Amino acid sequence: NSAQLGIFAPEEIIAGLQAGRFHASDLAWRDGMPAWTPLGDWPEFRASIPYIPPSATVAPGEVAPAPSVTTLPWEISKSLASAYASFVALVRNPASVLASARLEFFPTLQLVWIILLAASIFSIIGGILHAEALAQAMRTAGDQMVTAAHKILGPLSEVFAKVAEYFTNTKAKGPGEVVLQVLLMVAASPLYHLLMGLLQWLGLRLLGLSGVKSCKTPELGRTVIAGMLGRTLMVAFACLATLLPPESVAFQSATFILYVVGAFLYCRIMGAALRVNPWLVFGSAVLLYVLATCCCGCGIGAVVGLTLSR
């Protein structure tokens with residue numbers, strides 16, 4: 001309101017932003033600057049600006065908090081350079097760019113597609129180099145499914161048999177087929193990641209119902225979109241393993257290591273976006289996996305029991 005608040009050290013400004021004493025829209029100036037500039041435009045203060053969800057309500061008589069200024073490069077400008085800068089920042093220090101990121105659906109989806117397209121180059125190269133080995137791996141899986149189908153009673157065995165037949169008849173794909181298949185997977189995979197983000201939200205809610213305060217009210221939209229972004233980076237790392245021959249020890253070892261690294265990064269991204277401990281993200285995923293395994297196991301057991309009883 002055109003009132004000068006005083007002169008402050010950078011540490012005081014950071015503490016004031018975190019406490020709500022200062023806002024991103026407050027103007028600041030120091031020697032050498034041509035004009036007063038909002039604190040949200042100062043690079044050294046962006047990471048200290050708290051994220052304010054759109055659903056935040058203001059009690060009667062209170063002043064509405066100033067909107068946060070994003071520090072995610074992709075949300076500041078749309079370019080390949082900003083997409084690369086966002087990827088590097090998400091890998092190195094996700095908390096610095098996600099604490100105040102808006103994480104809107106369509107802009108984040110665009111970033112996800114760019115990252116997946118870049119990572120798909122490794123999958124395309126690996127698919128072309130190891131086309132025959134990949135086809136043989138599919139045929140081997142089909143033979144195993146045929147054996148399993150003979151042990152299943154009822155109509156379920158017919159389904160297994162048809163899927164097994166598709167696998168056993170797999171032929172090596174040409175370069176054009178490999179490129180088309182990879183691009184289709186890139187286009188469709190965000191939908192899968194969105195579904196997994198919804199499950200992640202359910203896992204956090206279960207922890208909240210169990211008494212974990214920081215997980216009681218996770219924002220659904222933000223959780224789903226952050227989950228999509230985190231799983232995209234997991235896939236991007238895993239694509240490096242496709243350069244190795246399938247079914248080799250090197251491929252299996254690299255896949256395991258890369259997925260562990262990707263899972264660690266995923267938990268950090270989710271924790272930074274939701275402001276919860278990354279270990280809680282990991283714990284909620286494990287909890288949901290255990291519950292899903294138990295439920296699916298009971299369901300399959302019931303189906304098998306009914307089939308055998310007939």
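Being a predicted model, the structure only gives us computed values, none of them experimental.

**Things to note about the overall build of the chain**
For step 1, the next point in the chain: What the chain contains, in helices and strands, is 12 helices and two strands.
For step 2, the next point in the chain: Taken across its 310 residues, the chain has 36% of its residues classed as buried.
For step 3, the next point in the chain: Put simply, of all contacts in the chain between residues at least 6 apart along the chain, 67% involve residues at least 24 apart.
For step 4, the next point in the chain: A total accessible area of about 18200 Å² is found for the chain, and carbon and sulfur atoms account for 69% of it.

**Considering the confidence of the model for the chain**
For step 1, the next point in the chain: Per-residue confidence for the chain gives a mean pLDDT of 82; residues scoring 70 or more make up 85%.
For step 2, the next point in the chain: The least confident element of the chain is helix α12 (residues 278-309), whose mean pLDDT is 66; the most confident is helix α6 (residues 105-129), at 94.
For step 3, the next point in the chain: Predicted confidence for residues 299-310 stays below pLDDT 50, and this span has three contacts to residues more than four positions away or in other chains.

**Considering helix α11 (residues 249-274)**
For step 1, the next point in the chain: Here α11 contains 26 residues, and its C-alpha end-to-end distance of 37 Å stays within 8% of the 38 Å for a straight helix at 1.5 Å per residue.
For step 2, the next point in the chain: Just downstream of α11, R275 is the residue with a positive phi angle, here 60°.

**Brief notes about a nonpolar patch on the surface**
For step 1, the next point in the chain: Taken together, the side chains of I121, F122, I125, L129, L240 and L243 present a nonpolar region at the surface, about 500 Å² in accessible area.
For step 2, the next point in the chain: With respect to the helices, strands and loops of the structure, L243 is situated in the loop between α10 (220-238) and α11.

**Quick notes on the packing of aromatic side chains**
For step 1, the next point in the chain: Taken as a whole, this structure holds six aromatic pairs when the rule is applied.
For step 2, the next point in the chain: Centre to centre, the rings of W42 and F45 are 5.7 Å apart; their planes meet at 25°, and the pair counts as stacked.
For step 3, the next point in the chain: For W42, a relative accessible area of 7% corresponds to the buried category.
For step 4, the next point in the chain: A residue is classified by how much of its surface remains accessible, and F45, at 3% relative accessible area, is buried.
For step 5, the next point in the chain: Measuring from centroid to centroid gives 6.5 Å for F87 and F237, while their planes differ by 25°, and the two rings are stacked. Pair noted here: F87 is in helix α4 (residues 80-92) and F237 is in helix α10, with a separation of 150 residues, a long-range link.
For step 6, the next point in the chain: Since its relative accessible area comes to 24%, F87 is described here as partly exposed.
For step 7, the next point in the chain: F237 gets classed as buried once you look at its relative accessible area, which sits at 19%.
For step 8, the next point in the chain: Taking the ring centre of Y266 as reference, the NZ or CZ of R231 above it sits at 5.0 Å.

**Some words on the packing of α4 against α11**
For step 1, the next point in the chain: Axis separation between α4 and α11 bottoms out at 9 Å; the angle between their running directions is 95°. Considering the angle they form, α4 stands roughly perpendicular to α11. Contacts between α4 and α11 pair L90, V91 and R92 from the former with L265, R268 and I269 from the latter.
For step 2, the next point in the chain: Of the residues that constitute the contact of α4 with α11, the class distribution is four nonpolar, no polar and two charged.

**Quick notes on the pattern of salt bridges**
For step 1, the next point in the chain: Within this structure, the stated rule accounts for three salt bridges.
For step 2, the next point in the chain: Of the charged contacts, one joins R30 and E44 as a salt bridge, the two residues approaching to 3.3 Å between their closest N and O atoms. Taken together, the residues R30 in the loop between β1 (27-28) and β2 (37-38) and E44 in helix α2 (residues 43-46) connect sequence positions 14 residues apart.
For step 3, the next point in the chain: Classification of E44 as partly exposed rests on a relative accessible area of 37%.

**Digging into the nonpolar core**
Generally speaking, nonpolar side chains in soluble globular proteins are found buried as a group.
For step 1, the next point in the chain: L98, L103, L229 and L233 are the most contacted members of the largest nonpolar core, which totals 46 residues.
For step 2, the next point in the chain: Mapped onto this core, the elements with two or more residues apiece are α4, α5 (94-98), α6, α9 (175-209), α10 and α11.
For step 3, the next point in the chain: With 10 residues, α11 is the largest single contributor of residues to this core.
For step 4, the next point in the chain: Those residues in contact with L103, other than ones at most four positions away along the chain, are E75, L98, T108, R222, I225, A226, L229 and A273.
For step 5, the next point in the chain: In this structure, I13, L39, W42 and F45 belong to the second largest nonpolar core, which totals seven residues.

**Notes on unusual backbone geometry**
For step 1, the next point in the chain: The backbone of L103 sits at a positive phi, close to 50°, despite the residue not being glycine.
For step 2, the next point in the chain: Despite not being glycine, R275 shows a phi value in the positive range, around 60°.
For step 3, the next point in the chain: Among the secondary structure elements, R275 is positioned in the loop between α11 and α12.

**Concerning helix α1 (residues 10-19)**
For step 1, the next point in the chain: Every buried residue belonging to α1 is among I13, G16 and L17, and all of these are buried. Seen end-on, α1 carries its buried residues on one side only, within an arc spanning 100°. In α1, the exposed positions angled more than 90 degrees off the buried face are occupied by E11, Q18 and A19.
For step 2, the next point in the chain: Tucked into the core, α1 has its buried residues touching α2.
For step 3, the next point in the chain: Residue G20 follows α1 closely and has a positive phi angle near 90°.

The rules behind the values
Residues numbered from 1 in each chain as written. Predicted model: local features only at pLDDT ≥ 70, side-chain atom pairs only at ≥ 80, totals over all residues. Heavy atoms only, no water. Helix = DSSP H or I, 4+ residues; strand = E, 2+ residues; numbered from the N terminus. Buried < 20%, exposed > 50% of the residue type's maximum accessible area, 1.4 Å probe, protein only. Contact = heavy atoms within 4.5 Å. Areas by Shrake-Rupley, 256 points an atom, 1.4 Å probe, with all protein chains shown as cover. pLDDT = per-residue confidence, 0-100. Expected span 1.5 Å × (residues − 1). Patch = residues over 30% accessible without salt bridge, like charges linked within 9 Å, V, L, I, M, F, W, Y side chains within 5 Å. Salt bridge = Lys/Arg side-chain N within 4 Å of Asp/Glu carboxyl O. Phe/Tyr/Trp six-rings, centres within 6.5 Å; stacked < 30°, edge-to-face > 60°. Lys NZ or Arg CZ within 6 Å of the ring centre and 35° of its normal. Axes fitted to C-alpha atoms, helices over the stretch in contact; angles between N-to-C directions. Parallel < 35°, antiparallel > 145°, perpendicular 65-115°, else oblique. Nonpolar A, V, L, I, M, F, W, Y, C, P; charged D, E, K, R; others polar. Core = buried A, V, L, I, M, F, W, Y, C linked by side-chain atoms within 4.5 Å. Arc of directions from axis to C-beta.

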